Amino acid sequence: MEYQIQPAEGKLGILIPGLGAVATTFIAGVEAIKKGISQPVGALTQMGSIRLGKRTENRMPLIKDFVPITGLNDIVFGGWDVYADNVFDAAMNAKVLEPMLLHAVKPELEALKPMKAVFDREYVKNLDGNHIKEETNKYKLAEALMEDMRRFKEENNCNRLVIVWCASTEKYIEQSDVHETIEAFEQGLKDSDPRISPSMIYAYAAIKMGVPFANGAPNLTCDIPALLDLAKEEGVAVSGKDFKTGQTLMKTMVAPGLHARALGIKGWFSSNILGNRDGLVLDDPDNFKTKEVSKLSVLEEILRPDINPELYGELYHKVRINYYPPHGDNKESWDNIDIFGWLGYPMQIKINFLCRDSILAAPIVLDLALFMDLAQRAGMSGIQEWLSFYYKSPQTAEGLKPEHDIFKQLIKLQNTLRHMMGEDLITHLGLDYYQELVDAM
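Quantities reported herein were computed from a predicted structural model and do not represent experimental measurements. (Residues numbered from 1 in each chain as written. Predicted model: local features only at pLDDT ≥ 70, side-chain atom pairs only at ≥ 80, totals over all residues. Heavy atoms only, no water.)

## Notes on the overall build of the protein chain
Then, number 1: In terms of regular secondary structure, the protein chain is built from 17 helices and 11 strands.
Then, number 2: Over its C-alpha atoms the protein chain spans a radius of gyration of 22 Å, differing by no more than 12% from the 22 Å that the globule rule assigns to 441 residues.
Then, number 3: Projecting the C-alpha coordinates of the protein chain onto the three principal axes gives extents of approximately 75 × 50 × 50 Å.
Then, number 4: Counting all 441 residues of the protein chain, 54% fall into the buried class.
Then, number 5: Where the 47 positive side-chain charges of the protein chain centre and where its 61 negative ones centre are 3 Å apart. (Helix = DSSP H or I, 4+ residues; strand = E, 2+ residues; numbered from the N terminus. Rg over C-alpha atoms; globule rule 2.2 N^0.38 Å. Buried < 20%, exposed > 50% of the residue type's maximum accessible area, 1.4 Å probe, protein only. Lys, Arg positive; Asp, Glu negative; His and termini not counted. Charge placed at Lys NZ, Arg CZ, Asp CG, Glu CD.)

## Considering the pattern of salt bridges
Then, number 1: Taken as a whole and judged by the stated rule, the model has 21 salt bridges.
Then, number 2: Note that E31 and K34 form a salt bridge whose closest N and O atoms lie 3.5 Å from each other. Here K34 and E31 lie together in helix α1 (residues 21-34), a separation of three residues that amounts to about one turn.
Then, number 3: Among the residues examined, K34 registers a relative accessible area of 30% and is labelled partly exposed.
Then, number 4: Notably, a salt bridge pairs D148 with K133, separated by 2.7 Å at the nearest N-O pair. A residue pair is termed long-range when its members are at least 10 positions apart, and D148 in helix α7 (residues 138-155) and K133 in the loop between β3 (115-116) and α7 qualify at 15 residues. You'll find D148 and K133 in the same group, each marked buried.
Then, number 5: Connected through salt bridges with shared partners, the residues E57, R59 and E423 form a single ionic network. (Salt bridge = Lys/Arg side-chain N within 4 Å of Asp/Glu carboxyl O.)

## Some words on the packing of aromatic side chains
Then, number 1: Taken as a whole, this structure holds seven aromatic pairs when the rule is applied.
Then, number 2: With centroids separated by 5.5 Å and ring planes inclined at 75°, the aromatic side chains of W165 and Y202 adopt a geometry described as edge-to-face. With W165 in strand β4 (residues 158-165) and Y202 in helix α9 (residues 198-208), this pair connects stretches of sequence that are 37 residues apart. Comparing W165 with Y202 shows no difference in burial state: the two are buried.
Then, number 3: Of the aromatic side chains, those joined through ring pairs into one cluster are F371, W386, F389 and Y390.
Then, number 4: The positively charged end of K171 is found above the aromatic ring belonging to Y123, 5.2 Å away from the centroid.
Then, number 5: Over the ring of Y139 we find K190; its NZ or CZ atom is 5.1 Å from the centre of that ring. (Phe/Tyr/Trp six-rings, centres within 6.5 Å; stacked < 30°, edge-to-face > 60°. Lys NZ or Arg CZ within 6 Å of the ring centre and 35° of its normal.)

## With respect to the sheet that holds strand β1 (residues 11-17)
Then, number 1: Read from one edge of the open sheet, seven strands run β3-β2-β1-β4-β5-β6-β11, paired in parallel fashion. The sheet terminates laterally at β3 and β11 (382-383), the two strands that pair on one side only.
Then, number 2: In the sheet, strand β5 (residues 213-215) pairs with strand β6 (residues 237-240) via three bridges, with the strands oriented parallel. Its bridge partner being in β6, F213 is matched across the sheet by V238. (Pairing = 2+ DSSP bridges.)

## A word on the environment of G79
Then, number 1: Relative to the helices and strands, G79 resides in strand β2 (residues 75-81).
Then, number 2: With residues near it in sequence (within four places) discarded, G79 still touches L15, I16, L19, P114 and M115. (Contact = heavy atoms within 4.5 Å.)

## Observations regarding the nonpolar core
Then, number 1: Counting 63 residues, the largest nonpolar core has F26 and L417 as its most contacted members.
Then, number 2: Counting only elements with at least two residues in this core, the list comes to β1, α1, α3 (63-66), β2, α4 (87-94), β4, α15 (357-377) and α16 (406-420).
Then, number 3: Tallying contributions element by element places α15 first for this core, with 12 residues.
Then, number 4: Core analysis: the next-biggest nonpolar cluster, separate from the first, contains 48 residues, C158, Y202, V211 and L227 among them. (Core = buried A, V, L, I, M, F, W, Y, C linked by side-chain atoms within 4.5 Å.)

## Quick look at the pairing of strand β7 (residues 264-274)
Then, number 1: Within β7, nine of the 11 residues are buried, which leaves it mostly tucked inside the rest of the structure.
Then, number 2: As defined by bridge partners, β7 adjoins strand β9 (residues 332-340) across nine bridges and the pair is classed as antiparallel. Note on β9: the bridge partner recorded for S271 is W334.
Then, number 3: In the sheet, β7 pairs with strand β8 (residues 316-323) via eight bridges, with the strands oriented parallel. Each bridged residue has a counterpart across the sheet, and for W268 the counterpart in β8 is H317.

## So, unusual backbone geometry
Then, number 1: In this structure, K241 follows G240 across a cis peptide bond, with omega equal to 0°.
Then, number 2: Tracing the chain through its elements places K241 in the loop between β6 and α11 (247-260).
Then, number 3: Here the phi dihedral of N58 falls at roughly 55°; this positive angle occurs in a residue that is not glycine.
Then, number 4: Structurally, N58 is set in the loop between α2 (44-47) and α3.
Then, number 5: By relative accessible area, N58 is classed as exposed at 65%.
Then, number 6: Positive phi, close to 75°, is recorded for D242, a residue that is not glycine.
Then, number 7: With respect to the secondary-structure elements, D242 resides in the loop between β6 and α11.
Then, number 8: Taking relative accessible area as the criterion, D242 reaches 2% and is therefore assigned buried.

Right under this line is the structure:
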């Protein structure tokens, strides 16, 4: 298949539900980068390179020079939030970035005021916002979001829009009949069915508007049959879910290494403390369960105890998240890993990761926004599994197990970009080099 990629002409509007710590860190960071104050560390679209052809060719362009992604100076920001604070005030309240840096981009941030959000406290009990849309039913709320998108696009002279969900984790729900078909879902919107969450309303509105949607939280959002069918019908790219940042990022690096060396694992105990708004939301058991399900699936899919019962059949995996206000956005995670090696002799690995949640998430938001826009311009509708690299719980087509190994995910991402641009895929087999040497002798 050859991709006819539409050029990245004009402005790209990045709309974000949830202008909290992650979103404000992302927006302030991009504005600082545009002024030459900082560097986009962690963003593959800006600092990552990609090998093309054989190693001997020495072709290693930056990704931003290889694929036609939107430049940072052509990005316009907007979003929704349950609080009316402008982005500068919200960033100051989040206390992630230094005040000196925020003041350097204060005019740009103060100009960004959130639109009223769609919010249902039943889904996030520990928040109590007051900047909220009020309509007679959920269908009307979806229409109000669509009007927001139309107005934002016109007022900011945008050619295209993309939405990245950065709002709070919603309570755990399971798929039910209202999520099965487009018809049932739309009737549920009109009936204000309680099983339709705010994030689903955003995703529905985005898809109906032809706007690609990336889900940065573990919510059951656009991974339901109704919205996936709608995305295919409307030709819209979707991806998710749950940004892969601190502890899970480490798991997807360490677990593949242990698995590659056929080392056994008896137990993996994971604990976290954080004090930002995300920590407050996850202090509620219903919301924590959504996050827990997302985090627990990673090891099982990497290690496959069903295939390797001698090594991982007795694996005990436990995840805890504790709200600890003094830490703010500086999340700390501890992992105790009980492993065993030759002849079953036990060993241990201890990981103490003192990370900054929003600092790790901000470049993910940028990459997803730019890659989702690229996918949309390339006509790649539906689930974008090639972006699994960025997610804890990657969406896949029905019947497919997700790939959690970060190194395999990176190969998938890079090969997709090569495929888009008509370059040879790279398998890393390498035998052809040695065959050429034999032939030359």
